[in-house]
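Tertiary structure, described
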Amino acid sequence: MTIYRTMLFAPANDLRKVGKALMLNADGTVLDLEDAVALSEKINARNALNEALSLPRKGDVFIRVNSVQTEFILSDLLAAVTEGVRGLVVAKSESAEEIRQVDWLIGKIEKERGLTEGYMEIIPFIESANAIVNAFSIASSSPRVSRMFFGGVDYVLDIGTTFSKGGTEIFYARSQLVVASRAACIEPPIDTVYPDFKDIEGLVADAKAVRQMGFQGKLAIHPGQIEPLNEVFTPTPEEISWAQKIVAVFDEEEAKGQAVFQVDGKMIEYPIANRARRIIDLAEQIAKKSV
Ligand code: COA
Ligand code: MG
């Protein structure tokens with residue numbers, strides 16, 4: 001599993017922001033060809049990708065292409081399927097069929113250009129009621145799909161409400177994405193942007209809530225959101241030492257034929273030990289990133 005605690009968006013035609021975004025500590029950067037780009041700028045944004053991809057960077061680079069239902073998709077794919085791009089985020093993904101169409105086209109372009117076949121990932125952006133209902137089949141539609149994004153801003157528009165700080169209106173959709181991802185054996189999803197980028201306290205509360213729900217990270221729109229988000233999605237030193245203690249005691253007890261026992265008044269059994277192992281594994285992967 002690759003860890004994406006934070007994925008920062010930058011409009012592909014704004015090379016100043018793109019240059020900065022690539023050197024910040026987000027685990028991934030998404031160069032946007034969709035809603036952060038005015039209709040009159042679509043061609044310029046595509047043309048800017050070459051330069052954007054030649055800039056120095058720290059994390060993985062993804063490109064968000066316009067919806068499969070738009071007239072932009074073909075030219076977007078031709079511009080975006082290129083060396084150095086880890087994957088494509090497909091805006092407003094609606095069905096498994098759409099993802100299979102993108103998969104097929106990417107495969108043809110990879111072959112024609114001598115790129116490693118199957119390398120390019122697809123991240124479906126789930127941002128409508130229809131997509132939430134189809135989440136499991138979208139997640140299972142192609143081996144290129146390893147994780148999904150949740151787009152809360154478009155989703156609340158679609159269901160006829162507004163974004164609230166508590167997130168009551170998106171609770172069901174978020175849960176559905178976690179469950180669908182797990183059932184399809186892909187990685188946990190990455191949660192919606194938090195548009196009020198000056199409200200760091202609200203961002204952190206929101207991130208903690210979705211971490212608890214089973215998300216691996218959150219999308220970011222502003223540099224100021226990255227460090228707080230990275231922190232929320234990184235196991236704390238207390239969590240790591242708890243996990244190390246549980247694993248050590250569990251291994252010792254299991255060797256003696258004992259699978260259920262107590263540590264500090266709490267029952268420990270296989271699922272708890274497995275949870276502890278995951279925390280250690282996650283912490284190790286994150287530590288490797290920061291070397
Ligand atoms: N990536 C990289 N740098 C960014 C950035 C981003 N997403 N957002 C802001 N910055 C930079 C700005 O360029 C500015 O740097 P500078 O002072 O050296 O020029 C600095 O961070 C402070 O920015 P600030 O003045 O607070 O915000 P802004 O008015 O420049 O930009 C937004 C605000 C919302 C327009 C901007 O954050 C943005 O474009 N975000 C991404 C939007 C997007 O891609 N949306 C699609 C997904 S929903
Ligand atoms: Mg959107």
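Residues numbered from 1 in each chain as written. Chains lettered and ligands numbered in written order. Predicted model: local features only at pLDDT ≥ 70, side-chain atom pairs only at ≥ 80, totals over all residues. Heavy atoms only, no water.

1. Comments concerning the layout of surface pockets
Empty space within the largest pocket amounts to approximately 900 Å³. Where the lining of the largest pocket is concerned, the elements lending two or more residues are α8 (171–183), α9 (200–213), α10 (226–232) and α12 (270–289). Here the lining of the largest pocket takes six residues from α12, the largest share from any one element. When grouped by side-chain class, the residues that make up the lining of the largest pocket number 12 nonpolar, four polar and nine charged. A domain-level breakdown of the lining of the largest pocket finds at least three residues from each of domain 1 (6–232) and domain 2 (237–289). Taken together, 20 residues form the lining of the second largest pocket, with D35, R64, V153, V193 and I221 sitting closest to its centre. Those elements that place two or more of their residues in the lining of the second largest pocket are β1 (6–11) and α7 (152–158). Counted by class, the lining of the second largest pocket contains 11 nonpolar, three polar and six charged residues. (1 Å grid on protein atoms, 1.4 Å probe; cavity = no way out; pocket = protein on both sides within 12 Å on 5 of 7 lines; lining within 4 Å. Points joined across faces, edges and corners; volume = space filled by probe spheres on them. Helix = DSSP H or I, 4+ residues; strand = E, 2+ residues; numbered from the N terminus. Nonpolar A, V, L, I, M, F, W, Y, C, P; charged D, E, K, R; others polar. Domains from an automatic or database assignment.)

2. Observations concerning the site of ligand 1
Surrounding ligand 1, one finds 15 residues, the nearest of these being F9, R16, K20, I221 and H222. Contact distances for ligand 1 include 2.8 Å between a nitrogen atom and a backbone N or O atom of I221. Note that an oxygen atom of ligand 1 is positioned 2.7 Å from one of the side-chain N or O atoms of H222. For ligand 1, whose accessible area on its own is 890 Å², the fraction buried by protein is 63%. Of all the secondary-structure elements, those providing two or more residues to the shell around ligand 1 are β1 and α1 (15–23). For the shell around ligand 1, the residue count by class is nine nonpolar, one polar and five charged. (Near = heavy atom within 4 Å. Polar contact = N/O pair within 3.5 Å; in protein donor to acceptor, adjacent residues only side chain to side chain. Areas by Shrake-Rupley, 256 points an atom, 1.4 Å probe, with all protein chains shown as cover.)

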